[in-house]
Amino acid sequence: MFYYLYKLYGQEVLFFNLFRYITFRTVGALLTALLISFICGPSLIRWLKKHQGHGQPIRDDGPSSHLLTKQGTPTMGGSLILLSMTLGTLLWANLSNSYIWVVLIVTLGFGCLGAYDDYLKLTRNSAHGLSAKTKFLIQILMSGAATYGVMSLGDPALATSTSIPFFKNIFIDLGYFYIPFGIFLIVGSSNAVNLTDGLDGLAIGPVMSVAACFVLISYLVGNHIFANYLQIAFVPGTGELAIIGGALIGAGLGFLWYNAPPALVFMGDTGSLSTGAALGVISMITKHEFILAIAGGLFVVEAVSVILQVGYFKLSGGKRIFLMAPIHHHFEKKGWSEPTIVFRFWIVSIVLALLALATLKLR
Ligand code: 57M
C-alpha cells in the first residue's frame with residue numbers, strides 16, 4: 001500500500017519517495033509485523049487459551065519433564081505469525097509483483113493445513129491429527145503447484161535451473177526434474193521446521209536467521225549491479241521478497257516474545273509448516289535452493305536425526321542411535337537444560353547463516 005503512495009504522489013510529496021526503496025520498506029515491514037504481534041498477541045493468546053481447554057496435547061512418550069512443564073500451553077500461535085507477516089507484507093510490498101503473491105499463497109496454504117491438523121489434535125485431545133499420508137499428499141500438491149507457478153513466472157532461461165554454491169555462474173538445468181526437486185525443497189523445508197519445533201524458542205530463532213540470510217540474497221539477486229558483481233543469478237523482481245522476509249523476521253520476533261521460555265504459546269503446525277514452506281519457496285525463486293540447506297543446516301540435522309533414528313530403530317528391531325529423536329531431545333535426555341539447548345542451537349544456526357552468506361563471495 002505504501003509503495004503506491006510513492007507511485008501516485010511521489011512527485012508532489014517528496015517524503016513518499018522513501019517508499020521507493022526496498023531497504024526502507026523491508027525495515028518498515030519488519031517493524032510493522034513486530035508491532036502487530038505486540039498489539040494482537042495478548043488477546044489472541046487469551047482467546048486460544050480460553051477455547052483450547054487443555055491446550056497442546058503433550059505426548060507421553062516424550063521427555064517426562066514436558067508432561068509437567070508444558071501442560072496447558074495453548075497452540076496455534078502460528079496464526080499470530082501469519083497475521084503479522086501478511087499485514088506487514090500487504091502494507092509495504094509492491095503488490096503488482098507476482099512473487100509476493102506466490103510466497104503469500106504458499107505460506108497461508110501451508111498455514112491452513114497446519115491449522116486444520118492442530119484443530120484435529122485439539123478436538124481429539126491427542127498428539128495425532130491428520131494422517132501422515134493425507135498431510136503429505138496435500139503438501140505435495142501445494143508444492144507442485146507452487147513450483148510450476150515459479151517456473152512459469154521466471155526467465156525461461158533459468159526456470160528449471162539451480163545455482164551451485166561456491167561456483168561462479170554455474171547452473172544445473174534439471175529440466176522436468178525441477179518439479180520433483182521443488183516439491184522436495186518445499187515439503188522438506190516445511191517438515192524439517194516442524195520437527196525442530198519441540199522446545200521453547202527453538203524453531204523460530206533459526207527461521208529468523210535463515211529469513212535474514214534470504215532478505216540479503218533476495219535483494220542482491222534482484223539487483224543486476226550486485227548480481228553481476230557477485231556473479232550470481234540475476235532474477236528481476238526478487239528484491240521485493242526482501243520485504244516479505246523482513247515481515248517474517250518481525251513476525252518471528254513478535255512471536256518469540258510470547259514463545260520465550262517458559263512459553264505462553266506454541267506456534268503449532270500452523271506456524272511450523274507455513275514458515276518452513278515460505279523459506280523453501282523463497283530459496284526457489286531466488287535460485288539459491290542449495291544455500292537453504294546450508295543456512296537451514298540445523299533443520300537438516302534435526303530431520304536427518306529423525307530419519308536415522310527411525311530407520312535404525314526399525315532395521316535393528318528396537319535399537320537407537322540417539323537417546324531420543326529429534327536430536328534436541330537427545331541433549332535433553334543427556335541433562336542439558338532447555339535454554340542451554342535452544343541458545344546453543346541458535347548459535348549454530350547463526351553461524352550457518354553467515355557461512356551461507358559467505359558462499360556469495362567465496363566463488
Ligand atoms: C512435532 N511437536 C512437538 C507444538 C509445536 C517421525 C517422528 C519422529 C516425528 C516426531 C514428530 O512428531 N515431530 C513433530 C513436534 C510438540 O509441539 C507441538 O507441535 C508443534 C510443532 N509441530 O508448535 O504445538 C511438543 O514439543 C514441545 N514444544 C515446546 N515448546 C515449543 O515452543 O516445548 C513445542 C514447541 C509440545 C511441547 O512438549 O507438546 C512434539 O515433540 O510432539 N516425533 C517425535 O518427535 C517423537 N519422537 C520419537 O517418537 N522418537 C523415537 C523414534 C524411535 C521414532 C525415539 O527416539 O524414541 C517425540 N515426541 C515428543 N517427545 N513429544 C519424542 C519426544
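Residues numbered from 1 in each chain as written. Predicted model: local features only at pLDDT ≥ 70, side-chain atom pairs only at ≥ 80, totals over all residues. Heavy atoms only, no water.

1. Section: the packing of aromatic side chains
Item 1. Enumeration over the complete set of coordinates arrives at 17 aromatic pairs.
Item 2. Ring centres 6.1 Å apart and planes at 75° place the aromatic pair F24 and W92 in the edge-to-face group. Note that F24 is positioned in helix α2 (residues 22-52) and W92 in helix α4 (residues 78-92), a separation of 68 residues in sequence.
Item 3. Relative accessible area serves as the criterion here: at 30%, F24 is assigned to the partly exposed category.
Item 4. Look at W92 and you get buried, because its relative accessible area is 10%.
Item 5. Aromatic pair F181 and F290: ring centres 5.8 Å apart, planes at 45°, arrangement tilted. Here F181 is found in helix α7 (residues 178-196), whereas its partner F290 is found in helix α12 (residues 289-295), with 109 residues between them in sequence. (Phe/Tyr/Trp six-rings, centres within 6.5 Å; stacked < 30°, edge-to-face > 60°. Helix = DSSP H or I, 4+ residues; strand = E, 2+ residues; numbered from the N terminus. Buried < 20%, exposed > 50% of the residue type's maximum accessible area, 1.4 Å probe, protein only.)

2. Re unusual backbone geometry
Negative phi values dominate among residues other than glycine, just as trans dominates among peptide bonds.
Item 1. A cis amide bond links P261 with the next residue in sequence, P262, at an omega value of -10°.
Item 2. Topologically, P262 is positioned in the loop between α10 (241-259) and α11 (268-285).
Item 3. In this chain, A325 is followed by P326 through a cis amide linkage whose omega measures -5°.
Item 4. Its place among the elements puts P326 in the loop between α13 (297-315) and α14 (327-333).
Item 5. Notably, Q231 is not glycine yet its phi reads approximately 55°, a positive angle.
Item 6. For Q231, the location among the structural elements is in the loop between α9 (224-230) and α10.
Item 7. Classification of Q231 as partly exposed rests on a relative accessible area of 31%.
Item 8. The phi dihedral of K287 is positive, around 65°, even though this residue is not glycine.

3. Things to note about the nonpolar core
The tendency in soluble globular proteins is for nonpolar side chains to be buried side by side.
Item 1. Ranked by size, the top nonpolar core spans 81 residues in total, and within it V106, I186, L241, I244 and V281 carry the most contacts.
Item 2. Contact partners of V106, with chain neighbours within four places excluded, come to A146, I186, A277 and V281.
Item 3. Among the nonpolar cores identified, the runner-up in size contains 9 residues, and L202, F322, I327 and F331 belong to it. (Core = buried A, V, L, I, M, F, W, Y, C linked by side-chain atoms within 4.5 Å. Contact = heavy atoms within 4.5 Å.)

4. Let's talk about the site of the ligand
Item 1. Close to the ligand lie 30 residues, the nearest being Q56, N194, D197, G268 and D269.
Item 2. Contact between the ligand and N194: a nitrogen atom at 2.3 Å from a side-chain N or O atom of the residue.
Item 3. Between a nitrogen atom of the ligand and a side-chain N or O atom of D269, the distance comes to 2.5 Å.
Item 4. For the ligand, the accessible surface in isolation is 1,100 Å², of which the surrounding protein chains cover 85%. (Near = heavy atom within 4 Å. Polar contact = N/O pair within 3.5 Å; in protein donor to acceptor, adjacent residues only side chain to side chain. Areas by Shrake-Rupley, 256 points an atom, 1.4 Å probe, with all protein chains shown as cover.)

5. Comments concerning the pattern of salt bridges
Item 1. Taken as a whole, this structure holds 8 salt bridges when the rule is applied.
Item 2. As a salt-bridge pair, K121 and D117 come within 3.5 Å of each other at their nearest N and O atoms. Placement of the pair is K121 and D117 together in helix α5 (residues 98-124), with a separation of 4 residues, close to one helical turn.
Item 3. Linked by salt bridges that have partners in common, D117, K121, K135 and D269 make up one network. (Salt bridge = Lys/Arg side-chain N within 4 Å of Asp/Glu carboxyl O.)

6. Some words on the side chain of S209
Item 1. Along the chain, S209 turns up in helix α8 (residues 204-221).
Item 2. Among residues more than four places away in sequence, those in contact with S209 are S349, I350 and A353.

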